[in-house]
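# Close look at the chain arrangement
Chain residues, written in single-letter form:
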Amino acid sequence: MFWNKKEAKHKLVVIGDSLSQGFNNGGIYRTDVNFPSFVHRCFDPKPDFDQPSFTAQAGIPLNLEVLVRGLSEEFGDEITWDEFLPAASHMVKTLKRIKKYWEGGLKDLAIPRDHPYHNQSVWGFNISDSWVVNEQNSRHHIQTNPEKFTVFDMLPEHAKFTTARLVLNPSFKSEFETRSQFNNAETLAKDGGIENLIVCLGHNNMIAAITDLKVIWTEDDNLEVFPGQRKHTAYRPEHFENQYRKLAERVSKLDAKRVFVPTLPYVTIPPVCRGVNSDLSSKRLGYFDYYTRFWIWDEDFDPDKHPHLTKDQAIQLDLAMDEYNEIIKKLASEYGWTVVPMAKNVAGLARRRLGGELVRDLPKGLADALRKQESTAHLVDDNNEINLTTDFLRLDDNGKLYKGGIFSLDGLHPTTIGYGLMANVYLKTMAKAGVKFQRSIDWDEVVREDTLISNPPKLLGELRYVLRLLAMGNQERFYNFGKNILGQAMDLVSPRKSDN
């Protein structure tokens, strides 16, 4: 034992992936509005909770909301055809500047910091990355593996590995270059102990099946392949258990007073992929015949032309996720951890899957906060029901949100309000487990922070026209969410004939 558990120095520590780091709108930008930050704000006095900042140059690899706001400031509420070329030029200059900055071309990215961050989250990490990836091998991968999927060399190459370097060894000192997430957490544990440890991993052991629209299962010999070299998109349940048990053994050695682990939502719920061509039988099952890119509507979809998963593949993935969650619950019971019921809460918000009905109540405090702002008051009806769903975001002719609001512009990660909802589930679960909070979530603050919902850029009303500026090549060739988030955005330019 490293410490006396009654006197832990570090109140909150996180080992995780994009969801605990705060990735949204296509990049990691403001870590101060991720769900651990909202949990941290409920302590009074607030304990130390350090995490890196990525607010420079619209985040990494790119925050689409920031990009669109920049275009709005330059060209107004719409881009006319005579402004197309100037707008394209503006965007190219912006992307080149972002790339140059995050590759160290504008300033040294190293930070004079020797102590690990409390939030050790890195987007894109799966379970084994938490002990396999460090700053040294991330740097080596960047130097020796030129990316194959870039948009005219205008985005920072290997953005995930740059992020890993800045989280795991922000000083870039050689003495810390082999530290993984767990090595850093162990340093904190030895330095006075950890009171509350959140381990938010496992989502990326399946998510590539949805972002790539390919189901390639793991084999026995490729479970811990370095990211960037993986060919599989989903872990077989027995392989997931193998990895999660290794994770549990490492977590137990940290000797944290309390450990919190989430169940994992179905990957078929986020609007990064869209169910199309539903018949009555599939609707009763809660599944659609096909799952394709989220900008392709039923009447446009052609299974011989568009990339997709079948209904059977989607069901297979969800059944595997059910097994993942049973494994998580089983190991949590073995090790005395507390399970955070994220899967159940997200499933209750999946409007299209539920036939238009929501079964998960949203916090009254959120409804009150939405009512207070003119730009969001319409999102609460006369029965005090909140009209936020898991659909992709849509704006009406007045530039106000009328659909979506839980997932951000990348179709996969939450909005700031979505992160607030995650924090609310963690807060209630942690309180039941004995964590003492002095404050509740300030929903007024959460709504104000979510500028995408409370003050959406007017250009989002014609998003497909704005993003057409990015579609300067073979659209499908560039679509690879894990390697190039902008590739996904480029394909949004496809015309939409209806709004199902």
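The rules behind each value
Along each chain, residue indices are assigned from 1 in the same order as the chain's sequence is written. Whole-chain, interface and lining totals are the exception, using all residues; otherwise, since this is a predicted model, local features are given only for residues with pLDDT of at least 70 and side-chain atom pairs are given and counted only at 80 or more. Heavy atoms throughout the structure, all of them, feed into the side-chain values; hydrogens and water do not. A run of H or I in DSSP counts as a helix once it spans at least four residues, and a run of E counts as a strand once it spans at least two, with each numbered from the N terminus. Burial classes: relative accessible area under 20% of the type maximum marks a residue as buried, over 50% as exposed, and values in between as partly exposed (1.4 Å probe, protein chains only). When checking whether two residues touch, look at their non-hydrogen atoms; a contact exists if any pair is within 4.5 Å. Counted as salt bridges are all cases of a side-chain nitrogen of Lys or Arg within 4 Å of a carboxyl oxygen of Asp or Glu. Pairing between strands is defined by DSSP: at least two bridges between the two strands are required. Classification of ring pairs uses Phe, Tyr and Trp, with its six-membered ring standing for Trp, and accepts pairs whose centres are within 6.5 Å; under 30 degrees between planes counts as stacked, over 60 as edge-to-face, and the remaining range as tilted. For every element, the axis is a line fit to its C-alpha atoms; helices are fit only across the contacting stretch, and the angle between N-to-C directions ranges from 0 to 180 degrees. For classification, angles of less than 35 degrees are called roughly parallel, those exceeding 145 degrees roughly antiparallel, those between 65 and 115 degrees roughly perpendicular, and all remaining angles oblique. Left-handed is the label given to a crossing in which the near helix is rotated counterclockwise from the far helix by less than a right angle, and right-handed is the label when the rotation is clockwise. Amino acids are sorted into nonpolar (Ala, Val, Leu, Ile, Met, Phe, Trp, Tyr, Cys and Pro), charged (Asp, Glu, Lys and Arg) and polar (every other residue, Gly among them). Definition used in this section: a nonpolar core is a set of buried Ala, Val, Leu, Ile, Met, Phe, Trp, Tyr and Cys residues joined via side-chain atoms within 4.5 Å. Put plainly, a pocket is an open set of points on a 1 Å grid over the protein atoms alone with protein on both sides within 12 Å along at least five of seven lines, a cavity is a set where a 1.4 Å probe fits but cannot get out, and a lining residue has an atom within 4 Å of a point. Grid points are joined across faces, edges and corners, and a volume is the space filled by probe spheres set on the points. A score from 0 to 100, pLDDT tells how confident the predictor is in each residue. This arc is built from the directions going out from the helix axis to the C-beta atoms.

## Comments concerning the overall build of the protein chain
Along the protein chain, the regular secondary structure elements total 20 helices and eleven strands. Each of the 500 residues in the protein chain was classed as buried or not, and the buried ones make up 57%. Sequence separation of at least 24 residues holds for 72% of the intrachain contacts in the protein chain that already meet a minimum separation of 6.

## With respect to the pattern of salt bridges
Throughout the structure, instances matching the rule amount to 25 salt bridges. Linking Lys-329 and Glu-326 is a salt bridge whose minimum nitrogen-to-oxygen distance equals 3.7 Å. With Lys-329 and Glu-326 both in helix 12 (residues 311-335) and three residues apart, the pair spans about one turn of that helix. Because the salt bridges share partners, they merge into one network encompassing Arg-30, Asp-32, Arg-41, Glu-445 and Glu-449.

## Section: the sheet that holds strand 6 (residues 273-276)
Ordered by their spatial adjacency, three strands build an open sheet running 6-7-8, and the pairing between neighbours is antiparallel. Whereas interior strands pair on both sides, the edge strands pair on one side only; in this sheet they are strand 6 and strand 8 (309-310). Sheet analysis places strand 6 next to strand 7 (residues 290-293), joined by four bridges and oriented antiparallel. If you follow Val-276 over to strand 7, its bridge partner there is Tyr-290.

## As for the packing of aromatic side chains
Counted according to the given criterion, the structure contains twelve aromatic pairs. Ring geometry for Phe-35 and Tyr-426: centres 4.3 Å apart, planes at 20°, overall stacked. Of the two residues, Phe-35 is situated in helix 2 (residues 35-40) and Tyr-426 in helix 15 (residues 416-432); the sequence distance between them amounts to 391 residues. Neither residue differs from the other here; Phe-35 and Tyr-426 are each classed as buried.

## Considering the sheet that holds strand 5 (residues 258-262)
The strand order across the open sheet built from four strands is 1-4-5-9, with neighbouring strands paired in parallel fashion. The two strands at the open ends of the sheet, each matched to only one other strand, are strand 1 (10-16) and strand 9 (338-340). Averaged over all neighbouring strand pairs, the angle between strand axes comes to 20°, with direction disregarded. Summarising the sheet, strand 1 and strand 4 (residues 194-200) pair through six bridges and their orientation is parallel. Bridging across to strand 4, His-10 finds its partner in Ile-194. Docked against the sheet, helix 8 (residues 181-190) engages strand 1 and strand 4, running at close to 170° with respect to strand 1.

## Topic: the packing of helix 3 (residues 64-75) against helix 4 (residues 84-102)
Close contact between helix 3 and helix 4 brings their axes to 11 Å; oriented N to C, the two are set at 135°. Judged by the angle between their axes, helix 3 and helix 4 are oblique. For the pair helix 3 and helix 4, the crossing hand works out as right-handed. Touching Leu-67, Gly-70, Leu-71, Glu-74 and Phe-75 of helix 3 are Pro-86, Ala-87, His-90, Met-91 and Thr-94, all from helix 4. A breakdown of the residues in the contact of helix 3 with helix 4 according to their chemical character gives six nonpolar, three polar and one charged.

## Description of the nonpolar core
By size, the foremost hydrophobic cluster in this structure holds 138 residues, and its most contacted members are Leu-197, Tyr-244, Leu-317 and Tyr-426. Discounting residues that sit within four places of it in the chain, Tyr-244 has contacts with Ile-127, Leu-201, Val-261, Ile-327, Ile-328, Leu-331 and Trp-337.

## Some remarks on the side chain of Ser-128
Among the secondary structure elements, Ser-128 is positioned in the loop between helix 4 and helix 5 (129-132). In this view, Ser-128 contacts Leu-223, Glu-224, Arg-230, Tyr-235 and Gln-243; residues no more than four positions away in its chain are not counted.

## Notes on empty space enclosed by the protein
Which parts of space are left empty comes out when a probe the size of a water molecule is rolled across the atoms. For the structure shown, the criterion picks out six cavities of 30 Å³ or more. By volume, the second largest cavity amounts to about 50 Å³. Residue lining of the second largest cavity: Arg-113, Asp-114, His-115, Pro-116, Leu-168, Asn-169, Pro-170, Ser-171, Phe-176, Arg-179 and Asn-184, and that is the complete set. Along the lines of polarity and charge, the residues of the lining of the second largest cavity split into four nonpolar, four polar and three charged.

## Observations regarding unusual backbone geometry
In the segment running from Asp-44 into Pro-45, the intervening peptide bond is cis, with an omega of 0°. Its location among the elements puts Pro-45 in the loop between helix 2 and strand 3 (60-61). With an omega of 0°, the peptide bond between Ile-60 and Pro-61 qualifies as cis. Positionally, Pro-61 belongs in strand 3. A positive phi angle, close to 55°, is found at Asn-25, a residue other than glycine. Residue position: Asn-25 is located in the loop between helix 1 (18-21) and strand 2 (27-28).

## Considering the confidence of the model for the protein chain
Per-residue confidence for the protein chain gives a mean pLDDT of 85, with 85% of residues at or over 70. Per-residue pLDDT stays below 50 along residues 280-284; that stretch engages in six contacts with residues further than four places along the chain or on separate chains. Here residues 467-500 is modelled with pLDDT under 50, and outside its nearest four sequence neighbours on either side it reaches 103 contacts, counting other chains as well.

## Examining helix 14 (residues 364-372)
Inspection of helix 14 places Leu-366, Ala-367, Ala-369 and Leu-370 among the buried residues, and these make up the whole buried set. Projection of helix 14 onto a plane perpendicular to its axis shows the buried side chains occupying an angular sector of 165°, all on one side. The outward face of helix 14, more than 90 degrees from its buried face, is lined by the exposed residues Lys-364 and Lys-372. On its buried side, helix 14 packs onto helix 15 and helix 16 (443-449).

## Section: the packing of helix 10 (residues 237-254) against helix 12
Direction vectors running N to C along helix 10 and helix 12 enclose 25°, while the axes themselves pass 10 Å from each other. Considered as vectors, helix 10 and helix 12 are oriented roughly parallel to each other. Our pair here, helix 10 against helix 12, has a crossing hand that is right-handed. For the pair helix 10 and helix 12, contact is made by Pro-237, Phe-240, Glu-241, Tyr-244, Arg-245, Ala-248, Glu-249 and Ser-252 and by Ala-320, Glu-323, Tyr-324, Ile-327, Ile-328, Lys-330, Leu-331, Glu-334 and Tyr-335, respectively. For the contact of helix 10 with helix 12, the per-class residue count stands at ten nonpolar, one polar and six charged.

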